[in-house]
Amino acid sequence: MYEFLMETLTNREILIAVFAAIAVASTVYSLAQPLFERDRLGARIKAVALEREEIRARERARLAADSKKAKLRSEPKAYMSQIVSSFNLQKALADAKTVDQLRTAGFRGQAPLVAFLFARVVLPTVLFGLALFYLFGLSAINQPTVVKILIAVIVAYVGFYAPVFYISNVRQKRQTSIRRAWPDALDLLLICVESGMSAEAAFRKVAEEIGAQSVELAEELTLTTAELSFLQERRQAYENLGTRTGLDTVRGVMTSLIQAERYGTPLATSLRVLAQENRDERMNTAEKKAAALPPKLTVPMILFFLPVLMAVILGPAAIQIIAHQ
């Protein structure tokens, strides 16, 4: 048996046949292997899509629970809505620019727009009536009736534009707060991205940390986090953040983020460059304000400082001259 086995293993013809069979089997297996492979890419894409839907469901549940505590949008008052719809004020006094200004000032939804239009109609009427009552009933101003009515009309005109001035003031303060905290937020976002966080997690973490410095920016970043989870396209969430803030610096950063995701460039590299640019811009703004300070102080110094200085210097000499006469 041993001799037969050794003779078989050393037989050249048998070895050639075995190696030929192995080569043929390997060739057949290599050619037929792609036909038996499963679509792993499709399975991975399906798994990612399911994971994204689960994340959206969790975010919806979390926001639904939080919305019971606080709401960013409220329903308009019934009487305000009735007056606005009766006089068709939204078509007469509001346009897309008005809605954008309200959104930039932090007033979202239909209720702020209805209250704004209601104030622009009711406030002039109330002020006009109060002005007439004061001028004709309480005041002792001896002026013709036409002059008093003209004063009341001017007061009503101021009341008509008072809501516009108020929204503009709130919008400016909000943008100033966001502009000051934006470079620091970019630095925090860069740290989060470089540590391996996703865009949603990075925005959520930055919103939590930047709230102590700017509540307005934290609110906008929180809304962006929700939109990144809900919207089908992340580009829309970035564009909405730039639109809500109304700042060119924020729009520029969001445009860079959109391009980074579209062309596959590293997000950390883009954020590092943008953070440095925003820090330089903030420093340039501070230097401009410092350079503009001396001209602004010239007139107050001439009016208030130099007369006092001249009195302190020349006062004793004048007293001595008067005493020796």
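Described in the following lines is the structure provided in the data block.

About the cut-offs
Residues numbered from 1 in each chain as written. Predicted model: local features only at pLDDT ≥ 70, side-chain atom pairs only at ≥ 80, totals over all residues. Heavy atoms only, no water. Helix = DSSP H or I, 4+ residues; strand = E, 2+ residues; numbered from the N terminus. Buried < 20%, exposed > 50% of the residue type's maximum accessible area, 1.4 Å probe, protein only. Contact = heavy atoms within 4.5 Å. Areas by Shrake-Rupley, 256 points an atom, 1.4 Å probe, with all protein chains shown as cover. Core = buried A, V, L, I, M, F, W, Y, C linked by side-chain atoms within 4.5 Å. Polar contact = N/O pair within 3.5 Å; in protein donor to acceptor, adjacent residues only side chain to side chain. Phe/Tyr/Trp six-rings, centres within 6.5 Å; stacked < 30°, edge-to-face > 60°. Lys NZ or Arg CZ within 6 Å of the ring centre and 35° of its normal. Axes fitted to C-alpha atoms, helices over the stretch in contact; angles between N-to-C directions. Parallel < 35°, antiparallel > 145°, perpendicular 65-115°, else oblique. Left-handed = near helix turned anticlockwise from the far one by under 90°. Nonpolar A, V, L, I, M, F, W, Y, C, P; charged D, E, K, R; others polar. Patch = residues over 30% accessible without salt bridge, like charges linked within 9 Å, V, L, I, M, F, W, Y side chains within 5 Å. Salt bridge = Lys/Arg side-chain N within 4 Å of Asp/Glu carboxyl O. Lys, Arg positive; Asp, Glu negative; His and termini not counted. Charge placed at Lys NZ, Arg CZ, Asp CG, Glu CD. Expected span 1.5 Å × (residues − 1). Bend = angle between axes of the 7 residues up to and from the residue.

Comments concerning the overall build of the protein
Consideration 1: Of the regular secondary structure elements, the protein holds 14 helices and zero strands.
Consideration 2: Along its sequence from the N terminus, the protein presents helices and strands in the succession α-α-α-α-α-α-α-α-α-α-α-α-α-α.
Consideration 3: Of all 325 residues assigned to the protein, the portion counted as buried reaches 25%.
Consideration 4: Sequence-distant contacts, at least 24 apart, represent 65% of the contacts inside the protein between residues at least 6 apart.
Consideration 5: Of the roughly 22,500 Å² that the protein leaves accessible, carbon and sulfur atoms contribute 64%.

Concerning the environment of Gln82
Consideration 1: Within the fold, Gln82 resides in helix α4 (residues 78-86).
Consideration 2: For the pair Gln82 and Phe118, spaced 36 residues apart in the sequence, the C-alpha separation amounts to 9.8 Å.

A word on the nonpolar core
Consideration 1: The biggest cluster of nonpolar side chains holds 32 residues, and the ones touching the most others in it are Trp182, Phe203, Leu217, Leu221, Tyr238 and Met254.
Consideration 2: Of all the elements in the fold, those that place two or more residues in this core are α8 (145-194), α9 (199-210), α10 (215-230), α11 (234-245), α12 (248-263) and α13 (267-291).
Consideration 3: A per-element tally of this core places α8 first, with nine residues.
Consideration 4: Among the nonpolar cores identified, the runner-up in size contains twelve residues, and Ala94, Leu113, Val114 and Phe116 belong to it.

Quick notes on the side chain of Arg244
Consideration 1: You can see Arg244 is positioned in helix α11.
Consideration 2: Side-chain polar atoms of Arg244 contact the side chain of Glu227, separated by 3.3 Å.
Consideration 3: If we ignore the near neighbours within four places in the chain, the residues touching Arg244 are Arg103, Thr104, Arg108, Glu220, Leu223, Thr224 and Glu227.

Quick word on the packing of aromatic side chains
Consideration 1: Counted by the stated rule, this structure contains three aromatic pairs.
Consideration 2: Summarising the aromatic geometry, the rings of Phe160 and Tyr161 are spaced 5.1 Å apart at their centres and angled 90° between planes, so their arrangement reads as edge-to-face.
Consideration 3: What makes Phe160 partly exposed here is its relative accessible area of 24%.
Consideration 4: On the basis of relative accessibility, which here comes to 30%, the residue Tyr161 falls in the partly exposed class.
Consideration 5: Members of the aromatic cluster, joined through ring pairs, are Tyr157, Phe160 and Tyr161.
Consideration 6: Directly above the aromatic system of Phe160 lies the positively charged group of Arg120, at a separation of 4.1 Å from the ring centroid.
Consideration 7: Of note, Arg120 hangs over the ring of Tyr161, and the distance from its end group to the ring centre comes to 5.4 Å.

Focus on the packing of α10 against α11
Consideration 1: Running from amino to carboxyl end, α10 crosses α11 at an angle of 160°, the nearest separation of the two axes being 9 Å. Taken together, the axis directions place α10 and α11 in an arrangement best described as roughly antiparallel. As α10 packs across α11, the resulting crossing turns out to be right-handed. Counting all contacts with α10, which are made through Glu220, Leu221, Leu223, Thr224, Glu227 and Leu228, the residues of α11 involved are Arg234, Ala237, Tyr238, Asn240, Leu241, Arg244 and Thr245.
Consideration 2: Within the contact of α10 with α11, the residues separate by chemical class into six nonpolar, three polar and four charged.

Focus on a positive patch on the surface
Consideration 1: There is a patch of like positive charges on the surface, built from Arg179, Arg180, Lys289 and Lys296.
Consideration 2: Among the structural elements, Arg179 can be located in helix α8.
Consideration 3: Relative accessible area serves as the criterion here: at 42%, Arg179 is assigned to the partly exposed category.

Topic: helix α14 (residues 293-324)
Consideration 1: For α14, which comprises 32 residues, the first-to-last C-alpha distance of 45 Å matches the rise-based estimate of 46 Å (1.5 Å per residue) to within 8%.
Consideration 2: At Met301, α14 shows its maximal bend, which comes to roughly 50°.

Some words on helix α7 (residues 110-138)
Consideration 1: For α7, spanning 29 residues, the distance from its first C-alpha to its last is 40 Å, which sits close to the expected 42 Å at 1.5 Å a residue.
Consideration 2: In this fold, the buried residues of α7 make contact with α4, α5 (89-93), α6 (96-104) and α8.

What about the pattern of salt bridges?
Consideration 1: Tallied over the entire structure, the rule returns 14 salt bridges.
Consideration 2: As a salt-bridge pair, Asp187 and Arg279 come within 2.4 Å of each other at their nearest N and O atoms. Remark: Arg279 occurs in helix α13 and Asp187 occurs in helix α8; sequence separation between them is 92 residues.

Description of the environment of Pro307
Consideration 1: Along the polypeptide, Pro307 turns up in helix α14.
Consideration 2: Accessibility expressed as a relative area gives 43% for Pro307, which makes it partly exposed.
Consideration 3: Sequence-distant contacts of Pro307, that is, excluding residues within four places in its chain, are made with Met301 and Ile302.

A look at the environment of Phe118
Consideration 1: Structurally, Phe118 is set in helix α7.
Consideration 2: In sequence terms Phe118 and Leu89 are 29 residues apart; their C-alpha atoms lie 8.2 Å from each other.
Consideration 3: Ignoring any residue separated from it by four or fewer positions in sequence, one finds Phe118 in contact with Tyr79, Met80, Ile83, Val84 and Leu123.

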